[in-house]
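Chains, contacts and geometry: an overview
The lines below spell out each chain.
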Amino acid sequence: MLNKFIAVLSLMVASLAFMPAAFAGHHNEGDHGMKKDIVDVAAENGSFNTLVAAIKAAGLVDTLKSEGPFTVFAPTDEAFAKLPEGTVEMLLEPENKDKLASILTYHVVSGKVMSTDVVKIDSATSVQGEMLMVEVVDGNVMINNAKVIMADVKASNGVIHVIDTVLMPK
């Protein structure tokens, strides 16, 4: 258990060195009043254009702007680019709204799960209903087959953990 905690702590410290400029300073905004919600944080970052477009296409903006709290495992634009060619475009079509919503809600867990909590769990139930596997492998926090590349990006209604791979439900 202590080794897992040390690994997670090391990951958190290491992730600070790679923190995108768009997140710099965001951490303290809540101390001075209004903080941005999960959708606003993702939209303003610039690394989540595909995710934000997908959230809009799936009709999930109001849900992810609600009180929550939510934990979102947010794939970057690069993560979406790893999908087979044409997949994103197909999912964004209106007739695939339900499938897209299912994929996106598979990236969301009810409640605020900070990186320090990961040492206490080995799975979590997604809002979509299926389980997400959580483990530490070689010092990296893994959610199924996706590596957490930045943890604990705070929002007014929860937390974002940035991942390098789009999670696909069964």
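Residues numbered from 1 in each chain as written. Predicted model: local features only at pLDDT ≥ 70, side-chain atom pairs only at ≥ 80, totals over all residues. Heavy atoms only, no water.

Some thoughts on the pattern of salt bridges
- Going through the model one piece at a time under the given rule, you end up with three salt bridges.
- Taken together, the shared-partner salt bridges in this structure form one network comprising Asp37, Asp40 and Lys65. (Salt bridge = Lys/Arg side-chain N within 4 Å of Asp/Glu carboxyl O.)

Notes on the pairing of strand β5 (residues 140–143)
- Taken together, the four bridges between strand β4 (residues 131–137) and β5 define a ladder with antiparallel strand orientation. The residue of β5 that forms the bridge with valine 134 is isoleucine 143.
- Bridging between β5 and strand β6 (residues 146–155) involves two bridges; their strand directions are antiparallel. Each bridged residue has a counterpart across the sheet, and for methionine 142 the counterpart in β6 is lysine 147.
- With antiparallel pairing between neighbouring strands as the criterion, β5 and β6 make up a hairpin whose turn holds two residues, including asparagine 144 at a positive phi of roughly 55°. (Pairing = 2+ DSSP bridges. Helix = DSSP H or I, 4+ residues; strand = E, 2+ residues; numbered from the N terminus.)

Some details on the packing of helix α3 (residues 49–57) against helix α7 (residues 97–105)
- At a minimum axis separation of 9 Å, α3 and α7 run at an interaxial angle of 125°. By the angle class used here, α3 and α7 are oblique. Taken as a pair, α3 and α7 cross one another with a handedness that is left-handed. For the pair α3 and α7, the contacting residues are Leu51, Ala54, Ile55 and Ala57 in the first and Lys97, Leu100 and Leu104 in the second. (Axes fitted to C-alpha atoms, helices over the stretch in contact; angles between N-to-C directions. Parallel < 35°, antiparallel > 145°, perpendicular 65-115°, else oblique. Left-handed = near helix turned anticlockwise from the far one by under 90°. Contact = heavy atoms within 4.5 Å.)

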